Structure formats: C-alpha cells, structure tokens
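# Residue-level structure breakdown
Now for the letters of each chain:
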Amino acid sequence: MADVTVSELAKVVGVSVDRLLLQIKEAGLPHASADESITNDDKNTLLVFLRRGHGDREATGAAPIKITLKRKTIATLKSAPSHGRSKTVNVEVRRRRTYVKRSTLPDQEVAEASAISEEPVKSPEIKGSEAVPAEAVVAEPAAKETTAAVPVAPAVAEVPAVEPEAGRGKAGVKRRTKGDEEESRTGEKKTHQKHKEKALRRQSKGRAPSADDFVLEDGEYAEVEGRVRRSGRKQKSRLSKQHAFEKPTEFISKEITIGETTMVGELAQKMSVKSGEIIKTLFNMGVMATINQVLDQDTSTLLIEELGHKVKFVSEDAIEEKLYEDLALEEGKTEITRAPVVTVMGHVDHGKTSLLDYIRKSSVASREAGGITQHIGAYHVQTEQGTISFLDTPGHAAFSAMRSRGAKATDVIILVVAAEDGVKPQTQEAVQHAKAAGVPLVVAINKIDKENADPERVKNELSALEVIPDAWGGDTQFIEVSAHTGQGVKELLEAVLLQAELLELKAYSDVPANGVVIESRLDKGRGPVASVLVQNGTLRPGNIVLVGHEYGKIRALIDEAGQPVKLAGPSMPVEILGLSGVPEAGDEFLVVSDEKKAREVAEFRRIRHKDTQHAIQKTGKLESMFAGMGQADKKILNVILKTDVRGSLEAISSSLLNIGNEEVAVNVVSSGVGGISETDAHLATTSNAMIIGFNVRADKAARDIIEAEGLELRYYNVIYDVLDDARAILGGMLSPEVREEIVGVAEVRDVFNSPKFGQIAGSMVIEGTIYRSKPIRVLRDDVVIYEGELESLRRFKDDTNEVRNGMECGIGVKSYNDVKVGDKIEVYETKEVARSL
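Residues numbered from 1 in each chain as written. Predicted model: local features only at pLDDT ≥ 70, side-chain atom pairs only at ≥ 80, totals over all residues. Heavy atoms only, no water.

## Side note on helix α8 (residues 297-306)
Within α8, the full set of buried residues consists of T299, S300, T301, L303 and I304. Buried residues along α8 sit against β8 (255-258), β9 (261-263), α6 (264-271), α7 (275-284), β10 (294-296) and β11 (310-313). Count one or two residues on from α8 and you reach G308, which has phi positive near 90°. (Buried < 20%, exposed > 50% of the residue type's maximum accessible area, 1.4 Å probe, protein only. Helix = DSSP H or I, 4+ residues; strand = E, 2+ residues; numbered from the N terminus. Contact = heavy atoms within 4.5 Å.)

Here it is as structure tokens:
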C-alpha cells in the first residue's frame, strides 16, 4: 500500500483528523499536520500502540494487561396511569467494566484497589471509630462476566466476617484499637504481595491468566472519607442514607419579571413557592383567585412585594420588539429607485378592470364571474413609459376592507369614474380611503366615448368632495380615458409616472425582504398560497418568512402569469408557497434569519390573539345576556361559509352579519378558506346550519353526509347572489304582518229583549256584509266600547250566516247586553301578509 497523508488515512479509518493526529502524537510519531504523509512503518507503529492501549497484546507477544467487559440488558418500566391508562417503556441498560492486571500496578495501588475499606466512620452515638462490616461488599460472580478466551472475575480480597464479641458499638461492628488497625493493614499488604508474585510466576510459565490477576481499573471506585471503595453494589453505609442537599433556611429575594397579565401558576413557578401559598396570600389581600386565574399588572406587583421579592416589568411584545431591533441593525447599502405601486379604485362597473386589461393587453374582466371583480388582483406591467405595479380592487360595497388595504399598500391611486354615471357611494369611499392613507389621487374619467358622457359633471361632483382638478387650480390630475378604444390611456400612465417621480420612491435591494399580504387562499394541490407585495428588500426561494400568525420556508415564488421566478424585488407582487397556514389578508410579512425565531414569534402572536378573542367573548357574554333580554323569540339563520380566498371570506362574512333586524339575524357558525370538508358537514348537522360555498365545492365524504342528513348546500360565484338569497331566507323567517280589513258595518235601529238570547239589536247593514263567524266591534260615537263575536244573526225568524248591504237583520252580541240605538256594529277579518327585509 502506498504512502498516504494523515487526512486520507483519517477518512479511510472513519475518525476525525484531529483525533488521529492526537493518537499519532501519543504513539511518539513526529507527524503534526494533516498534509504530512505517513508510511507503512508509521502505520504499524500506530497500530501496535493502539492495540496495546486497548488490551491487545498479540503484537508484543505478551499477555493482555486490560480486559473490558460489556453487558446489555433490556428492562421494562411502567409509568403512572394517565387518563386511566398506564404506559410501558422498554429501557436498554448498558454496563461496562474494565479490569487491569495486578502485575502492572504499583503495590500501593493494588492494595488500595483490592482492599475493602474499613475507614472508621464518625458517629455521634459512638465515640472512637467503627469499621464497616465486610458483608457490605460482595464479589461480582465470575461466571456471568467471562469470555471464552480468558475467564475473568473481579479479584476482591475476602475479609472474614467479624464474630460478635463484647465491646461492640450500637452499629453492631466490633470496636478496633489503633494497634489492631495497623496490624490489619500490614496483613492486607502481605496478602496483595502474594497475589502479585503468584501472577508473575503464572505469566513466566506461559499459563493463562486467572481472575485473581485482575482488579477494577481506576475511575470505577467510589471514594468515601478519603479511602477507595469499590463501586457497583450498594454500600450498607450510614453515609449513603444521608441527604446530599440541604434546604436553605434563609429567604432568597428574587427579581420577578411580569407582563401586563400573569397567571397565578406562572407566578408560583417564578417565585419557587407552591400555588397554595400564592392563593392564600391573595385571599388575605382580599382577592379570590384560582391557579389558572389571570392577574393584572397592579395585583401581581402587590403580591410579589408582599412576598418579599422585587418586580421587573417587561413589555408583552418584548419578543417582537427584539425581532424588529435585530432587523433594524441590518442596514442596506444598495439603494435603488423602485417602480410605483398603483391601486385602481372606483364604483362597481365603472370600468376599472377593463382599463387595466387595456394596459396589460389582457382580458381579465371577461373571465370574472358576473363581470365584477371580487378580490384584489396584483399585476407587474412593463409599459412604454416604465414599469408599474397595479392593484385592482373590487368596487362592490361589501369589499370596503379590501379597498382600505389597497390604499395603505399603494403609492398612487387611480380613481376611475364613469363619465355618464358620475360620483357614486363607492367613489366617495375611495376618496375617503385615499385621504386617510395620505396617498395622491389621479382621476380617470372613463367611458368618454359614450354619447351621454359628461366629464364636467364628474369634475363638479368631485370638487364637492375636495378633489379639485389641476385645471381649476387644484393639485389633482384629471385624465379623460376610454378603456374600450384606448383614448387617453397613454396620458394616464404618464400622469401616474410623473406623480411617482415627485414622490422619489426608493428602496434597498440588499436587505431582508418585507411587505404586505394582498390576498391569501388554500390551494388543494399546493397548500396555503399568499399573494404578497414586496415593499423593501429582495425575496428569494428558501427564505424564512413570518406572516402574521403563520411562518414557513418559501418553496417557490410565482408571478401573476403563473410562472416561477428566482427573486422578487421591491414593488413586485408574487405568490409564495410553503407557509404553515393561510395568513390574513393585510398582514405584514418579514424575512427572518432562522425558522426557530419565526416559530416563536408566530406562536406568541397566535396565543395573544387567542387570549384577546377569549377576553372579548367573556366580556361579550354579559353584554349579550342583557341585550338578549326580551328577545327570546329572535330567529337565527346559522351559516357555514367557505370561500376560495381570504378577502372574499372577510367581505361576505361582514355583509351577512349586517343583514337582519331585531327579529332575525345571521350567525356565521364557522368560516374558512378552502373546500367544504367532512368536518364542515358534521358541524352543519350539529348546528342545523346552511352551507355556503363561494367558488369552492364539497368533497365526496361531505356530499354523502349532506345528502344523508338532508342539509342545505348552496354554491355561488357572485357576491350579489349570496346576499340576495340570505335576505330572502331571513324575510321568510320573519313573523307575518297582521292586517285588519273591515268587511261590514250595521247600524242599530232598535233594541229587543229575547228570553232565549237576551238583548237583540235590530240593525240595518249600511256597509259591506255582516258575517256571523267573524269577530266584531261595538262603536258608540265612533269609539270602540266592546270587542267580541256574534252569538246570533237572523233575518226575520230564520238564522243566516251573512246579511248583505241594505238589508235588515237581528244581531245578538255574545256576553254583551248594553247595546243602544245609534250604536254601530263593525265586522272585520284579519289577514297575514308576508314581510321582507
């Protein structure tokens, strides 16, 4: 075998270079670096040294000086029962013992290693010293720890048991004088000297070594009171029964860190006291609490000071503050001019998406359900004038939150107003969003090619909203455009880029990326997908991102055309894959250094959000209880809502909750992004809810449950239809309106007394028809004095069911005998009329 270097040899052997160099140095070889070559002779020298160190004496022709025994056993442990079940765990126990030949040890070490310690132990009951009985140490059986080649047993000098004699102490051990101890030690030395000589004679004659030739190696003895004692078996010493730890008697004052709220159990752990002590102290302070009670900062401060500790206040957002501090330290060096982010806003059906389609040379509007935009669309467009990132927002009233997010994430807003329609409610709302966000406006008066277009009307109406055209001395550019013919589109882009140039938009490309989530959804094949707008830095696949309550490692970046990209710079919208869940639209995203930090912050935000929601629910319970008094008959329409994207979910949920009145209302039992699952169907069965799928469908398992249980499932792709159907259903749940209709009036002309019916009013029907089966009212001077029903209705001597206008009849009013001449008897009927919202 040719010479090799030290590093190559380390690779072949399978050890590190540093460890091999250390072994070479111990073997006495001159090699000091990994690049030096090592010859075959050097290898043999190293091999002999390693064998000698591991007890292999074949190379030297001598008997082994060290033997290592290994034993592996498997034990079974049973844990304490948890929830009625006990857990069984298999534990592998490994033991190793190394025995060293007696002949290689100095006389003093052999005597100390083999002797059973009889060091006197001080005792308060016995004056003087006492020896530990010899029975305390038992030799390990040789048969269980031997090998086929060399039988080995631990050679431990057996000390004869001490017979009971007079003069024993309380521990049952014979007292020994100083002279006795010296005599015993001298005898032990002689015994070990004999063992050593016997082993040397055996080696010289070439015999196999016996068990008596070996003792346990150093490091496997327990040292007690300055003497070496063999380990392995329990020593029946009184020292082993003594505790090594003593409870501190002095009070230790600690610095306790607390936030705005702290639980009683957490405070107990921080102060190292039992929870019962905390609860007792709070009770003495007049506060009733349990171990899970959440204490405010003032109560926690008083409690900690009461128990003698010091208080240190920390912010609840300390972990987030630390994250932002670390990010602030990373300063960028490469500053670039970024493309403007432009949001297109306006009233529904005023041509926002059509205008963008002309700019992008695409046809998005023709593919949208109902011809309206229902979520934010983000586009990165290369125009002749320059690069622009567009955000297309919905114009429907339900998408107010989307428009607000679009205004906050943008640099310039294009306000689209139809020339023939003028300013509408969502136009006014867009102006308010722009002013609130402090974003400049560029007004595009669209549909200028129509015959009834009136640009001056638009200018006048916007002037009333304090949006003054630059031609009138204001600071807002008004551009007349047509998304159909393309008229004025070039001038509009120039106006946008001019406005962006005035803003001097800059960003750093060499810092960790950050930005905002525009939209998010759950894709069946790709998992959580978030559309984000990069505002600063450069985003790359493999980055660890923190987005609201979610985090993850970016698996891929997808542009608006569905193509993967390797990086996304400032002002570029992309879709990211690889998040742990679907984030909320409008959440800020950050690139962090490691996944552990991202997970900690995300978990902290999730817990804080959960606690906040819990507190809101707890507060709302009492309020809703008082608000619900007297509304026991209020009817609720339970709904389970599933949508394709987070923005649509937000818009539809808020719109549904706004429908209703004091009699009926919508309750969104559950909502989420993604398809309708089996869990949703089970929840609908339990809560008796209607399932609404907006651009999503139910899977096979969910459909089977829905059909078996007879649940109502409705699919939609236009938000108008969802809200219209919800109003119709709630209208059907309203109690009908009761209306009264007067069907006949009779005037009393005379009053007769009948022995059978009592008072009979001889009357003339002056209006409509009098019916016997319908309710009546008695009026005197046009004031109702009685309400009841007819007991009899006769024409001449015959009973009749009805008497028409202009005919005379006799009327008997049931349970009423105060009818007078001139009274009017009014017959009416009630009708139920369906109501609507």
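Now that the structure is up, let's keep going.
## Details of the pairing of strand β34 (residues 775-780)
Summarising the sheet, β34 and strand β35 (residues 783-795) pair through six bridges and their orientation is antiparallel. Residue V778 lies in a different strand from β35, and its bridge partner there is Y786. Hairpin connection of β34 to β35: two residues between the antiparallel strands, including D781 at a positive phi of 55°. Here β34 runs beside strand β39 (residues 824-833); their pairing, made up of four bridges, is antiparallel. Paired with I776 across the two strands is V827, which belongs to β39. (Pairing = 2+ DSSP bridges.)

## So, the environment of G386
Counting through the fold element by element, G386 comes out in the loop between β14 (377-382) and β15 (387-392). In the structure, G386 is positioned 107 residues away from L493 in sequence and 8.8 Å away in space, judged by C-alpha atoms. The residues touching G386, leaving out its near neighbours within four places in the chain, are V381 and L497.

## Comments concerning the packing of aromatic side chains
Inspection of every chain in the model, using the stated rule, returns one aromatic pair. Geometrically, the ring pair formed by Y786 and Y816 is stacked, given 4.6 Å between the ring centres and 15° between the ring planes. Here the residue Y786 occupies a position in strand β35, and Y816 occupies one in the loop between β38 (808-813) and β39, the gap between them amounting to 30 residues. The side chain of K774 reaches across the aromatic face of Y771, ending 5.3 Å from its centre. Lying across the ring of Y828, R777 places its NZ or CZ 3.9 Å from the centre. (Phe/Tyr/Trp six-rings, centres within 6.5 Å; stacked < 30°, edge-to-face > 60°. Lys NZ or Arg CZ within 6 Å of the ring centre and 35° of its normal.)

## Quick look at unusual backbone geometry
Of note in this structure, S272 is not a glycine but carries a positive phi near 60°. Mapped onto the elements of the fold, S272 is located in the loop between α6 and α7. For S815, which is not a glycine, the phi torsion comes out positive at approximately 60°. For S815, the location among the structural elements is in the loop between β38 and β39. Residue S815 is classed as exposed on the basis of its relative accessible area, which comes to 66%.

## Remarks on the sheet that holds strand β30 (residues 713-716)
Ordered in space as β28-β27-β29-β30, the four strands form an open sheet in which the pairing is parallel. If you trace the sheet from one side to the other, it starts and ends with β28 (664-673) and β30, each paired once. For this sheet the average axis-to-axis angle between neighbouring strands, irrespective of direction, equals 25°. Across four bridges, strand β29 (residues 690-694) lies against β30 in parallel orientation. Within β30, the residue paired with I691 across the bridge is L713. (Axes fitted to C-alpha atoms, helices over the stretch in contact; angles between N-to-C directions.)

## Looking at the side chain of K642
Residue position: K642 is located in strand β27 (residues 635-643). K642 sits in the buried class, given a relative accessible area of 8%. In terms of polar contacts, K642 uses its side chain to reach the side chain of D680, at 2.7 Å. Excluding anything up to four places from it in sequence, K642 contacts G672, V673, G674, G675, I676, D680, I692, G693, F694 and V696. (Polar contact = N/O pair within 3.5 Å; in protein donor to acceptor, adjacent residues only side chain to side chain.)

## Some remarks on the nonpolar core
Counting 23 residues, the largest nonpolar core has L355, F390, I414 and L492 as the members making the most contacts within it. Going through the elements one at a time, β13 (341-346), α10 (352-360), β14, β15, β16 (412-418), β17 (441-446) and α14 (489-503) are the ones with two or more residues in this core. The element best represented in this core is α14, accounting for six residues. Setting aside residues up to four positions removed in sequence, I414 forms contacts with V342, T343, V344, M345, F390, V442, A444, L492 and V496. Formed by 22 residues, the second largest nonpolar core is a distinct cluster that contains V666, M690, I692 and L730. (Core = buried A, V, L, I, M, F, W, Y, C linked by side-chain atoms within 4.5 Å.)

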